[in-house]
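These are the residues of each chain, in order.
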Amino acid sequence: DGETMASLVTTFKQHNPAWNKTRTILTDKDFMERSVYSGQFSNANLQLCLFHVLKSMRREIHCEKMNIRLEQKNVCLEILQKMAYSNNEDEYIENYELLRDTGIQPVIDYVDHSWHPIREEWVIGLKQSLHYNNHTTNRLESINQKLKQVITKFSNLDTFFRDLELVIHSLRQERDSRLSMVLMKRPIVPFPPGSSEVRFSELLTPHAFQIVRKQIELSDKIAISDECSDCDVVTLQTSSGVTYVTCTSCTCQFSTMNQLPCRHIFALRARQDQDLYFEDAVSSRWRLDYYRHHASLVDDIETDYQGATVYVQPRQVVMTQSQKYKKAFVEAQRLATLASEVSTVRFTERLEVLRQLTELWESGQQAAVICTEVDNVEEDTDCDNLHIITEPGTNTSDLEAEASVIEEVQSVEVYNYV
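Participant: Explain the confidence of the model for the protein residue by residue, including any values.
Facilitator: For the protein, per-residue confidence averages 80 on the pLDDT scale, and 83% of positions sit at 70 or higher. Counting contacts from residues 374–418, a segment whose pLDDT is below 50, to residues more than four positions away or on other chains yields 87 contacts.

Participant: How would you summarise the nonpolar core if you had to cite specific residues and measurements?
Facilitator: Among the nonpolar cores identified, the biggest contains 30 residues, and F200, L204, V212, L260, F266 and W286 are the most heavily contacted of them. At the level of secondary structure, the elements contributing two or more residues to this core comprise α10 (196–203), α11 (206–218), β3 (234–238) and α13 (263–271). Ranked by residues supplied to this core, first place goes to α11 with five residues. Not counting the four nearest positions on each side in its chain, F200 is found in contact with F209, V212, I216, P261, F266, L276, Y277 and F278. Membership of the second largest hydrophobic core comes to 27 residues, among which are L48, Y96, W122 and L126.

Participant: Got a sec to walk through α10? Specific residues and values, please.
Facilitator: At 3.6 residues per turn, the α-helix brings residues three or four places apart onto the same side. Counting buried positions along α10 gives six out of eight residues, so the element sits mostly inside the fold. Along α10, the residues that are buried comprise S196, E197, V198, F200, S201 and L203. Looking at the buried residues of α10, the elements they touch are α11, α13 and α14 (288–294).

Participant: Kindly report on the packing of aromatic side chains, identifying the contributing residues and their values.
Facilitator: In total, this model carries 11 aromatic pairs according to the counting rule given. Ring plane angle 10° and centroid distance 6.2 Å describe the contact between Y92 and Y96, whose orientation is recorded as stacked. Highlighted residues: Y92 and Y96, both in helix α6 (residues 89–101), separated by four residues, approximately one helical turn. Accessibility expressed as a relative area gives 8% for Y96, which makes it buried. With 5.3 Å between their ring centres and 85° between their planes, Y290 and Y291 make a pair best called edge-to-face. Exposure remark for Y290: the relative accessible area of 33% places this residue in the partly exposed category. One aromatic cluster is present, built from ring pairs that chain together Y92, Y96, W115 and W122. A cation sits over an aromatic face here: R285 above Y132, 4.3 Å from the ring centre.

Participant: So, the side chain of T27: which residues are in play, and what are the values?
Facilitator: By the element assignment, T27 lies in strand β1 (residues 24–27). Discounting chain neighbours no more than four positions away, the residues touching T27 are R34, Y37, Q47, L48 and C49.

Participant: Outline the pattern of salt bridges, listing residues and values.
Facilitator: If you walk through the whole model with that rule in mind, you get 12 salt bridges. One salt bridge connects E71 with R69, and the closest N-O pair in it is separated by 4.0 Å. Judged by its relative accessible area of 52%, E71 is exposed. Taking the relative accessible area as the measure of exposure, R69 reaches 53% and is therefore exposed. The salt bridge involving D275 is made with R199; its shortest N-O contact spans 2.7 Å. Note that D275 is positioned in the loop between α13 and α14 and R199 in helix α10, a separation of 76 residues in sequence. Put simply, R59, E60 and K65 are held in one network by salt bridges that share partners.

The rules we used
- Residues numbered from 1 in each chain as written.
- Predicted model: local features only at pLDDT ≥ 70, side-chain atom pairs only at ≥ 80, totals over all residues.
- Heavy atoms only, no water.
- pLDDT = per-residue confidence, 0-100.
- Contact = heavy atoms within 4.5 Å.
- Core = buried A, V, L, I, M, F, W, Y, C linked by side-chain atoms within 4.5 Å.
- Buried < 20%, exposed > 50% of the residue type's maximum accessible area, 1.4 Å probe, protein only.
- Helix = DSSP H or I, 4+ residues; strand = E, 2+ residues; numbered from the N terminus.
- Phe/Tyr/Trp six-rings, centres within 6.5 Å; stacked < 30°, edge-to-face > 60°.
- Lys NZ or Arg CZ within 6 Å of the ring centre and 35° of its normal.
- Salt bridge = Lys/Arg side-chain N within 4 Å of Asp/Glu carboxyl O.

Structure, rendered in structure tokens:
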């Protein structure tokens, strides 16, 4: 209930002195929670999770509840989704008028009563508060799922807090592991040393740097007139409305949501021949130094190191018996072809070699084949000795060495495997 929620928030504030720095609270459309948060955090902006907003709309706009047809329901939900993803007020009003033009009064009354007055809290293009581009509570839901996997539903109090500490410790270890990889990796920045991009890459996390890098690239498309090049404040018309830009700040939605320098600031600084690199508009959340000082890692992490070549051994694939048979069958076919393409004398010798090899394998012994050159052969004959070496204990009475070569036939020598 509201009293319990208020007590929890009060306890949170007592143990978190920085609670007054809360800028944004993202929740679902629970009126009791929202009333408690608005009273306890007067300086924070309330926002609604977009996923829960659309889910609530699909639940409430029901054919039986509102006495509408299924086709009408689908049309209204499609328009409401367009309203949720509107980029600015004009686009939202345009989609809102489409909904009114349908003439489906139960849905129109529902939207006018529950959603239209608070559109700044759930329409993406109308949110004007810091939320780091998070429009849903997916991160919180992910943590909640991990808690459910460890903490049982009917555990006692001691077990509950022990499991809770275990999950928190695990989550922090995952965070620190990701941070250590960020600090120890040397990203490749295809820009000259000392450039603005290189300095931003040293200041920001890899994710934040990619965002800023994209904004620098987009700044070339921003046109600033000559009359405004020397002004301290420049007014620009953007997709989200009128924006006021200075060399260190901007009122556009991107800067407000992310606390990072936007394309408009970079365009103005480039127009005024100023260095694109500056740190004033960068939130501490995006700085590597912030994570170095607040993570439970080794105090001094050496990040200036020489690269090393790491060899990763390829994983050995274990074949099935069927796969082995197929590969061996191909080689056996080649042997049969080669054995049949020679004279009868040579075919007999080759067939005897194959029989000897088969007998060795049937008895579970190892065999190896060694080819050696034959000295006393005719000039037009290029033949080798073929040796089959067996393991100790192999009966070699029938496999004595033969060193003579008859006509153009290869000789076979069989030795005990040592």
